[in-house]
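Understanding the architecture of this molecule
So you can see what is in the structure, the chains are spelled out below.
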Amino acid sequence: MIIHATTVVGIRHNGQVALGADGQATMGNTVAKSNVKKIRRLAGGKVLAGFAGSTADAFTLIERFEEKLSNYNNNLRRAAIELAKDWRTDRFLRKLEAMMIVASQDDLLIISGTGDVLEPDLDVAAIGSGGVYAQSAALALKKHASHLSAADMVTESLHIAADVCIYTNHNLVIERIDAV
């Protein structure tokens, strides 16, 4: 599945978790909106979720993920696995075109419609059309600018992706969870 028109990146670094996304939504090759909010706080602010893909599909998946979090006492990993199972096997959900990054203080995961729940290497996750650019930038920042906060790394990674990817803009939303 090729997902255009967004970039979402998540980083866990030095006890902080940050998730951010650009604000661009496109219809075909036209920018439809420039300030879409693609990051949500869930579970009383203890979980962050970001999406790439069809907005309506993503909202449906976030609602389902929230239900799973509630059903499994805010256990992010278990909720992600159960959502991925449903997404792969449910006739309605199977048709949804989106991907998600979900994060808590303890976990950073990518959830896809193919039933994958991936825990990325080096605590950097990225999805969407500009994901590979943001991921590359984030990995370089973690390695060579480790004094930056996770939120600063997410911000800089998204700006670099926006400079390169035509489906990514500089209208960013960044959310973070600080160490308790």
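For the structure, see preceding data.
Residues numbered from 1 in each chain as written. Predicted model: local features only at pLDDT ≥ 70, side-chain atom pairs only at ≥ 80, totals over all residues. Heavy atoms only, no water.

1. Digging into the sheet that holds strand β7 (residues 98-103)
Going by this rule: A strand pair is defined by DSSP finding two or more bridges across the two strands. A run of H or I in DSSP becomes a helix once it reaches four residues, and a run of E becomes a strand once it reaches two; helices and strands are each numbered from the N terminus. The contact criterion used throughout is that any non-hydrogen atoms of two residues lie within 4.5 Å. Axis definition: a line fitted to C-alpha atoms, limited for helices to the stretch in contact. Angles are taken between N-to-C directions and run from 0 to 180 degrees.
If you walk across this open sheet you meet the five strands as β5-β6-β7-β8-β9, and the pairing is antiparallel. Across the chains shown, the open sheet's two edge strands, defined by having one partner strand only, are β5 (39-42) and β9 (117-118). Sheet topology note: the strand β6 (residues 47-53)/β7 ladder contains six bridges and is antiparallel. Bridging across to β7, phenylalanine 51 finds its partner in methionine 100. Sitting on the sheet, helix α2 (residues 76-89) is in contact with β6, β7, β8 (108-112) and β9, with an inclination near 10 degrees to β8.

2. Some remarks on the environment of valine 154
One can find valine 154 in helix α4 (residues 150-164). Considered as a pair, valine 154 and serine 112 are 42 residues apart in the sequence and their alpha carbons are 21 Å apart. Dropping the residues within four chain positions of it, valine 154 is found in contact with Val9, Ile11, Ala18, Leu19, Gly20 and Ile174.

3. Topic: the nonpolar core
The condition is simple: Take the buried Ala, Val, Leu, Ile, Met, Phe, Trp, Tyr and Cys residues and link them wherever side-chain atoms come within 4.5 Å; each set so joined is a nonpolar core. For every residue, the accessible area obtained with a 1.4 Å probe (protein chains only) is divided by the maximum for its type, and the residue is called buried under 20%, exposed over 50%, and partly exposed between those limits.
Ranked by size, the top nonpolar core spans 21 residues in total, and within it Phe65, Met100, Val102 and Ile111 carry the most contacts. Put simply, the parts of the chain that give this core at least two residues each are β6, α1 (55-71), α2, β7 and β8. Broken down by element, this core gets its largest block of residues, six residues, from α2. Discounting residues that sit within four places of it in the chain, phenylalanine 65 has contacts with Leu42, Val47, Leu76, Ala79, Ala80, Leu83, Met100, Val102 and Ile111. With 15 residues, the next largest nonpolar core counts Ala134, Ala138, Leu141 and Ala150 among its residues.

4. As for the sheet that holds strand β11 (residues 173-177)
Pairing within the open sheet is antiparallel, and its four strands lie in the order β10-β1-β2-β11. The sheet is open, and its two borders are formed by β10 (124-128) and β11, each paired with just one other strand. Across the sheet, the axes of successive neighbouring strands diverge by a mean angle of 10 degrees, strand direction being ignored. Sheet topology places strand β2 (residues 16-21) next to β11; five bridges connect them, and they run antiparallel. The residue of β11 that forms the bridge with alanine 21 is valine 173. Those strands touched by α4 are β1 (7-13), β2 and β11, and its axis lies near 150 degrees from that of β1.

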